[in-house]
Amino acid sequence: MSLLSVKNLTIRDKRTNNILVQDLSFELSLGKVLGIIGESGSGKSLTCKAILGLNPDWLEASGSVLFETEELLGKSHKDLRKIRGKKIAMVLQDAMNAFNPLYRVGHQMVESLCEFMSTAQAKKLSLQWLVKMGFEKPEVVFKSYAHELSGGMLQRVMIALALAQETQIIIADEPTSALDVIHQHEIINLFASIRDEKHSLIFVSHDLGIVSYLADDVLVMKEGKGIEYKPSQNLFSNPEHEYTNYLIQTRRTISQRFSQCLA
Ligand SMILES: Nc1ncnc2c1ncn2[C@@H]1O[C@H](COP(=O)(O)OP(=O)(O)O)[C@@H](O)[C@H]1O
Ligand SMILES: [Mg+2]
């Protein structure tokens, strides 16, 4: 059964009348990973944010975003807050702006978690997840303000929080883009390890290697439209759209060049 069903999602900029995402449809089933790929500016982040109503007011979303039997489009911020972090967690692409500069990041983690547990438990869980994210001194990170941490560190804090929330769905928008290769590898494996019958994941990336490793289904976006959508294996072995083929070929050329350099 489909856990999340997005149908004909269209996002329009009311100020300019530009259509930024057009007629996009996809489904996420329980225990599955949906990969979204596409060049920069193709509408991946707007799509992720539209699911939880996180786009600014001048961007109008129409169509349908069904979570189980609940329509999320058009819900008030207040109602969406009941879903965010409880049913659906989000790792935003722009980690720097996701944190409030006035509070320590640990405080923000605890605040998001302590609705379900005591403050002491929330702190313990936050520290445990920071360790899993590769922080050797989680206490130091916990006490830091966002500006004291690098973009990559903040990205890892945000992933720690999203995973600690244990929601049914995690939407991760380019979650490893600011990370060095080692952390990237560790965190991709962590995402792979939480794939089970209780969790579903939307994973946005421009890295086809990561998407082919993680995703069951892949949606390819270009200029706000979904141009190809099919099971991952099928997409990589039999790309139908010229643009998908281009993405796969470019990736191969880059990998070949890397292997030549290393040989
Ligand atoms: N807050 C916004 N207001 C108006 N236009 C936006 C906003 N955010 C993004 N856009 C535009 O929408 C398009 C898609 O952006 P985005 O979803 O961020 O792309 P991607 O994540 O695929 O790189 C881009 O053309 C971008 O300029
Ligand atoms: Mg983006």
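As shown above, the structure is provided for reference.
In this report, the structure presented in the accompanying data block is examined. Keep in mind it's a predicted model, so treat the numbers as computed, not measured. (Residues numbered from 1 in each chain as written. Chains lettered and ligands numbered in written order. Predicted model: local features only at pLDDT ≥ 70, side-chain atom pairs only at ≥ 80, totals over all residues. Heavy atoms only, no water.)

### Observations concerning the pairing of strand β6 (residues 88-91)
- By the alternation rule, side chains of β6 split into Ile 88 and Met 90 and Ala 89 and Val 91, which are all buried.
- In this sheet, strand β7 (residues 169-173) lies alongside β6 in parallel orientation, the contact comprising four bridges. Opposite Ile 88, over in β7, you have Ile 169 as the bridge partner. (Buried < 20%, exposed > 50% of the residue type's maximum accessible area, 1.4 Å probe, protein only. Helix = DSSP H or I, 4+ residues; strand = E, 2+ residues; numbered from the N terminus. Pairing = 2+ DSSP bridges.)

### Description of the packing of helix α4 (residues 105-113) against helix α7 (residues 151-164)
- The geometry of α4 relative to α7 is characterised by a closest axis approach of 10 Å and an angle of 20° between their N-to-C directions. With respect to each other, α4 and α7 are oriented roughly parallel. Crossing handedness for the pair α4 and α7: right-handed. Judged by residue contacts, Val 105, Met 109, Ser 112 and Leu 113 of α4 engage Leu 154, Val 157, Ala 160, Leu 161 and Ala 164 from α7.
- Considered class by class, the residues forming the contact of α4 with α7 number eight nonpolar, one polar and no charged. (Axes fitted to C-alpha atoms, helices over the stretch in contact; angles between N-to-C directions. Parallel < 35°, antiparallel > 145°, perpendicular 65-115°, else oblique. Left-handed = near helix turned anticlockwise from the far one by under 90°. Contact = heavy atoms within 4.5 Å. Nonpolar A, V, L, I, M, F, W, Y, C, P; charged D, E, K, R; others polar.)

### Observations regarding the packing of aromatic side chains
- Summed over the entire model, instances satisfying the criterion amount to two aromatic pairs.
- When the ring centre of Phe 135 is taken as origin, the NZ or CZ atom of Arg 156, which lies over that ring, is 4.0 Å away.
- Stacked on the ring of Tyr 243, the Lys or Arg Lys 222 has its end atom at 5.2 Å from the ring centre. (Phe/Tyr/Trp six-rings, centres within 6.5 Å; stacked < 30°, edge-to-face > 60°. Lys NZ or Arg CZ within 6 Å of the ring centre and 35° of its normal.)

### Quick word on the sheet that holds β7
- Taken in spatial order, the six strands line up as β6-β7-β8-β3-β9-β10 in an open sheet, and their pairing is mixed. The outermost strands of the open sheet, each flanked by one partner alone, are β6 and β10 (225-231). Within this sheet the neighbouring strands show an average axis-to-axis angle of 15°, counted without direction.
- Note: β7 against strand β8 (residues 200-204), five bridges, orientation parallel. If you follow Asp 173 over to β8, its bridge partner there is Val 204.
- Across the sheet, α7 touches β6 and β7, and the angle it forms with β6 is around 170°.

### Description of the coordination of the magnesium ion (ligand 2)
- Surrounding the magnesium ion (ligand 2) are the protein donor atoms Ser 45 (OG) and Gln 93 (OE1), which sit 2.1 Å from the metal. In this pair, Ser 45 sits in helix α1 (residues 44-51) while Gln 93 sits in the loop between β6 and α3 (95-98), placing the two residues 48 residues apart along the sequence.
- On the basis of relative accessibility, which here comes to 35%, the residue Gln 93 falls in the partly exposed class. (Donors = N, O, S within 2.8 Å, 3.2 Å for Na, K, Ca; no water.)

### Focus: the pattern of salt bridges
- What the rule picks out here adds up to nine salt bridges.
- In this structure, Glu 115 and Lys 86 form a salt bridge, with 3.6 Å as the shortest nitrogen-oxygen distance. Of this pair, Glu 115 sits in the loop between α4 and α5 (119-132) while Lys 86 sits in the loop between α2 (77-81) and β6; the two residues are 29 residues apart in sequence, bridging distant segments of the chain.
- Exposure remark for Lys 86: the relative accessible area of 27% places this residue in the partly exposed category.
- Glu 228 serves as the salt-bridge partner of Lys 230, at 3.0 Å between the closest nitrogen and oxygen.
- Under the relative-accessibility criterion, Lys 230 is labelled buried at 10%.
- Each of the salt bridges in this network shares a partner with another, and the network as a whole consists of Glu 228, Lys 230 and Glu 240. (Salt bridge = Lys/Arg side-chain N within 4 Å of Asp/Glu carboxyl O.)

### Considering the side chain of Ser 144
- Take Ser 144: it is sitting in the loop between α6 (138-142) and α7.
- Owing to a relative accessible area of 7%, Ser 144 belongs among the buried residues under this scheme.
- In terms of polar contacts, Ser 144 uses its side chain to reach the backbone carbonyl oxygen of Val 140, at 2.7 Å. (Polar contact = N/O pair within 3.5 Å; in protein donor to acceptor, adjacent residues only side chain to side chain.)

### A short note on the environment of Lys 86
- Note: C-alpha distance between Lys 86 and Phe 116 (30 residues apart in sequence) is 9.1 Å.
- Apart from residues lying up to four places away in sequence, Lys 86 is in contact with Arg 81, Glu 115, Phe 116 and Thr 167.

### Considerations on the pairing of strand β2 (residues 19-29)
- When strand β1 (residues 2-13) meets β2, the two strands line up antiparallel, connected through seven bridges. Paired with Arg 12 across the two strands is Ile 19, which belongs to β2.

### Side note on the site of ligand 1
- In the neighbourhood of ligand 1, 14 residues make up the surrounding shell, with Gly 41, Lys 44, Ser 45, Leu 46 and Trp 58 lying closest.
- In the model, a nitrogen atom of ligand 1 is placed 3.0 Å from a nitrogen or oxygen of the Trp 58 side chain.
- In isolation ligand 1 offers 560 Å² of accessible surface; the protein chains occlude 66% of this area.
- Considering each element in turn, the shell around ligand 1 owes the most residues, three residues, to α1.
- Looking at the shell around ligand 1, its residues break down into five nonpolar, five polar and four charged. (Near = heavy atom within 4 Å. Areas by Shrake-Rupley, 256 points an atom, 1.4 Å probe, with all protein chains shown as cover.)

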